[in-house]
Amino acid sequence: MTSESTPNPAAPVRQPGTRKGLKKLAWIILFTAILALAVSLLLLPVARAQDRVELRIGYQKSASLFVLQKAQGTLEKRLAPLNVGVKWVEFPAGPQLLEGLNLGAVDVGYVGEAPPIFAQAAGAQFAYIGYDPAAPEAEAILVPKDSAIKSVAELKGKKVALNKGSNVHYLLVKLLEKNGLKLSDIQPVYLPPADARAAFESRNVDAWVIWDPFSAAAEKAIGARVLADGKGVVNNYQYYLAARNFVGKNPKVIQALFDDSVAQGRWLKANLKKAAELIAPLQGLPVDVVELSLKRYEFNVKPVPDSVIADQQKLADTFFELKLIPKAIAVKDAAYKPAP
């Protein structure tokens, strides 16, 4: 009699492929872990780059201190420990720089007194974060060296070239007032610096109101004579401006910028000749012109006090009275006040 064997439920069921499957799964897990580690290592520089802040500085070629800092790379070295890079963005003049600041193309800019007035009147969002001390001798009314005009009062009825709405527009108004004249007593000829220089040299105008380094260049190259500068009449401050959202989030970056500007400014003033030799080729000017211009500027950035904001308000009020801006503005609304 033959008997059929029946399976014993207590005996383990043998699955020959299980051990191989587990081994294969372990290799897959190990390979995946290695791949994930490799990818994370490759992406680490990208993550660090994403964490890196970039300070975008708007500057003009005539801004000698910024030109020096850019050439020397001192700010980049100072900001490196903060994992902050620097991008220098050149603009032809202050108004374009302010437009770039308002549109978010740059974070910080350096301009004279007039451009912020026009920008604020146009609704631009920015903040005054610092200023350089007064430099009244860095702008002046020039006349040809052989001109018969010996005083500002003698400009009555004369043609005077100037850049409309610039710092020197305010200088001219204040110098005329000091000598008992109004803007309507002369013949203003509104020209940008290059065209004004040509008109001045060809004697199509009797005088030219201009700032450095253009003033220094005219003095050195064609012997132009300073009829009057801003001393005792205007301050001619230079301002550091910033996008409000940037300065509020990056106070250490702004402080590093100020520290480097102060340090390089002191070096520049103590080494005028050497500084001029470094800056001149970058500005496309003779060394003696740059040196003369540097003598008439001060470089020692500080936070903007209420007294300086009040002086800037006077300029804004004058431009409104002259109908150069469409509405009255309160400069204090653009003053940066750090959180307590």
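Here is a short report on the structure shown in this document. In this text, all values refer to a predicted model and were calculated from it rather than measured experimentally.

Conventions adopted
- Residues numbered from 1 in each chain as written.
- Predicted model: local features only at pLDDT ≥ 70, side-chain atom pairs only at ≥ 80, totals over all residues.
- Heavy atoms only, no water.
- Helix = DSSP H or I, 4+ residues; strand = E, 2+ residues; numbered from the N terminus.
- Buried < 20%, exposed > 50% of the residue type's maximum accessible area, 1.4 Å probe, protein only.
- Contact = heavy atoms within 4.5 Å.
- Areas by Shrake-Rupley, 256 points an atom, 1.4 Å probe, with all protein chains shown as cover.
- Salt bridge = Lys/Arg side-chain N within 4 Å of Asp/Glu carboxyl O.
- Pairing = 2+ DSSP bridges.
- Axes fitted to C-alpha atoms, helices over the stretch in contact; angles between N-to-C directions.

## Quick look at the overall build of the protein
Alright, step 1. Helices and strands together make up the secondary structure of the protein, namely 13 helices and 10 strands.
Alright, step 2. When the 340 residues of the protein are sorted by exposure, 45% land in the buried category.
Alright, step 3. Contacts in the protein between residues far apart in sequence, at least 24 positions, make up 77% of those at least 6 positions apart.
Alright, step 4. When the accessible area of the protein is evaluated, it comes to approximately 18200 Å², of which 56% is carbon and sulfur surface.

## Quick word on the pattern of salt bridges
Pairing between side chains of opposite charge can happen when the charged atoms of each approach one another.
Alright, step 1. Summed over the entire model, instances satisfying the criterion amount to 10 salt bridges.
Alright, step 2. Here Arg78 and Asp260 are joined by a salt bridge, their closest N and O atoms 3.4 Å apart. With Arg78 in helix H3 (residues 74-79) and Asp260 in helix H10 (residues 251-270), this residue pair connects regions lying 182 residues apart in the sequence.
Alright, step 3. Among the salt bridges present, the one from Asp212 reaches Arg296, with a minimum N-O distance of 2.8 Å. With Asp212 in the loop between strand E8 (207-211) and helix H8 (214-222) and Arg296 in the loop between helix H12 (287-295) and helix H13 (306-321), this residue pair connects regions lying 84 residues apart in the sequence.
Alright, step 4. Relative accessible area serves as the criterion here: at 16%, Arg296 is assigned to the buried category.
Alright, step 5. Sharing partners across several salt bridges, the network here consists of Asp212, Glu219 and Arg296.

## Concerning the sheet that holds strand E1 (residues 53-59)
Alright, step 1. Spatially, the 5 strands line up as an open sheet ordered E2-E1-E3-E10-E4, and their pairing is mixed. Strand pairing shows two members of the sheet lacking a second neighbour, strand E2 (84-90) and strand E4 (127-132), which therefore form its edges. Direction aside, neighbouring strands of the sheet carry axes that sit 25 degrees apart on average.
Alright, step 2. As paired strands, E1 and E2 are joined by 7 bridges and run parallel to one another.

## Observations regarding the sheet that holds strand E5 (residues 139-143)
Alright, step 1. The strand order across the open sheet built from 5 strands is E7-E6-E8-E5-E9, with neighbouring strands paired in mixed fashion. At either margin of the open sheet sits one strand with a lone partner, and together these are strand E7 (187-190) and strand E9 (225-229). Taken pair by pair, the neighbouring strands of this sheet meet at an average axis angle of 30 degrees, ignoring direction.
Alright, step 2. With 4 bridges connecting them, E5 and E8 associate as antiparallel partners. By the bridge assignment for E8, Leu142 is matched with Trp208.
Alright, step 3. Where helix H6 (residues 167-178) meets the sheet, it contacts E5, strand E6 (159-162), E7, E8 and E9, and its direction lies at approximately 70 degrees from that of E5.
Alright, step 4. Against the sheet, helix H7 (residues 193-201) contacts E5, E6 and E8, and its axis sits at roughly 150 degrees relative to E8.

## Section: unusual backbone geometry
Alright, step 1. For the bond running from Asp212 to Pro213, omega is 5 degrees, close enough to zero to count as cis.
Alright, step 2. With respect to the helices and strands, the residue Pro213 is situated in the loop between E8 and H8.
Alright, step 3. Backbone geometry places Arg203, a non-glycine residue, at a positive phi of 65 degrees.
Alright, step 4. Considering the arrangement of structural elements, one finds Arg203 in the loop between H7 and E8.
Alright, step 5. Even without being glycine, Asn236 reaches a positive phi, approximately 55 degrees.
Alright, step 6. Mapped onto the fold, Asn236 is located in the loop between E9 and strand E10 (238-242).

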